[in-house]
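Structural overview for review
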Amino acid sequence: MIEQSIYEHLTGALGGSGFAQYGGKPAVFSQNAPADTDPGWAAGPQFPRLVFAVDWEHSADRSLGGTMAVDIVCQEQGVPPDALEKLIRELLHGWFFTDNGETVAAQWVNSNYFTEPVNKVAGVTMTFALLGFPLMTIAPDVIGRINAWTAEQFPALPVINATELPAAWKTDEHSAAVYWRIVSTAPATWIPETWQTIYQTTVLRAHLFAATVADVTDWAQRLVVALYGAKRLKQEHAAPILVNTSNTIDPSADALRTGQVTVDATYGIIVQRQSDNMLWHIHVDNSEV
């Protein structure tokens, strides 16, 4: 589960950060914190503590995975919540979390501070958007083929849904990543149809994640030039997919929701197949009446 990846990332990074200890780890919990009388708490203060909850949503927009609320609760006279807010934002915003082949990215949305005078605590509720990267497939498997091609051509560029990824990761000046998805499919009007075959163009979008716009532009150019050079994505016992007709780059596009590279992938689909009821044994009677 993605929640487990987030939990392990936070507990691994928050050692020595001033959080209370529970079960030998920083006091980070999913959904609910244990009771104050729970024996898992270490001796001493039980604050600061962090509780996060993920609310998954389904939407036609592929980028929407859900939201995550993170509550940081501190004692009024202890570590101030604003210092921990900055730390947690650095540990979650822009990070990718992967589990069982599924990946989501966390984006900070807002932070709201609160106080509870009766309980003598203060804290902050942070909200993050979680954006998913589902594996899209159609027949033929255009995404599977371009994922495999990208991984083969650019071994240093991890491909979401094709490359094995760590549970928690973030791109920096030394790394980048890419995600391919389907935007639309329509008839390829520039290739005439035949009785047996129709031609379609599937518009693909590449989302490139890198440290700077310059890095994104560099990777985008390398992808597009390589696609024009390859001309076709080939697979044994399958029709080739043309990828050299119209490929564009928009380096300023939103990496998470829009994608910076657009590729037209054109291929043929057989619609009329040989009949299963063919007459194979024909006998001619030449006798005269």
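My aim in this report is to walk through the structure given alongside it, one point at a time. (Residues numbered from 1 in each chain as written. Predicted model: local features only at pLDDT ≥ 70, side-chain atom pairs only at ≥ 80, totals over all residues. Heavy atoms only, no water.)

Regarding the packing of aromatic side chains
Per the stated rule, a full pass over the model turns up ten aromatic pairs. Look at Phe133 and Tyr179: their rings are 5.1 Å apart centre to centre, the planes differ by 75°, and that puts the pair in the edge-to-face class. With a gap of 46 residues between them, Phe133 in the loop between β8 (121–132) and α3 (142–153) and Tyr179 in strand β10 (residues 177–187) connect regions that are remote in the sequence. Take Phe133 and Tyr179: they sit in the same class, and that class is buried. Taken together, a centroid distance of 5.7 Å and an interplanar angle of 85° make the contact between Phe133 and Phe209 edge-to-face. Remark: Phe209 occurs in strand β11 (residues 197–209) and Phe133 occurs in the loop between β8 and α3; sequence separation between them is 76 residues. Ring-pair connections join several aromatic residues into one group, and the members of that group are Phe96, Phe133, Trp169, Tyr179 and Phe209. Between the NZ or CZ atom of Arg89 and the centre of the ring of Trp108, over which it lies, the distance is 3.8 Å. Its guanidinium or amino end placed over the ring of Trp219, Arg222 lies 4.0 Å from that ring's centre, counting from NZ or CZ. (Phe/Tyr/Trp six-rings, centres within 6.5 Å; stacked < 30°, edge-to-face > 60°. Helix = DSSP H or I, 4+ residues; strand = E, 2+ residues; numbered from the N terminus. Buried < 20%, exposed > 50% of the residue type's maximum accessible area, 1.4 Å probe, protein only. Lys NZ or Arg CZ within 6 Å of the ring centre and 35° of its normal.)

Concerning the sheet that holds strand β4 (residues 49–56)
Taking strand neighbours across the sheet as the criterion, the seven strands line up as β3-β4-β5-β8-β7-β6-β9 in an open arrangement whose pairing is mixed. In this open sheet, the two strands that pair with only one neighbour each are β3 (28–30) and β9 (168–169). With two bridges joining them, strand β6 (residues 96–99) and β9 adopt antiparallel strand pairing. From the neighbouring strand, Phe97 faces β9, where its bridge partner is Ala168. (Pairing = 2+ DSSP bridges.)

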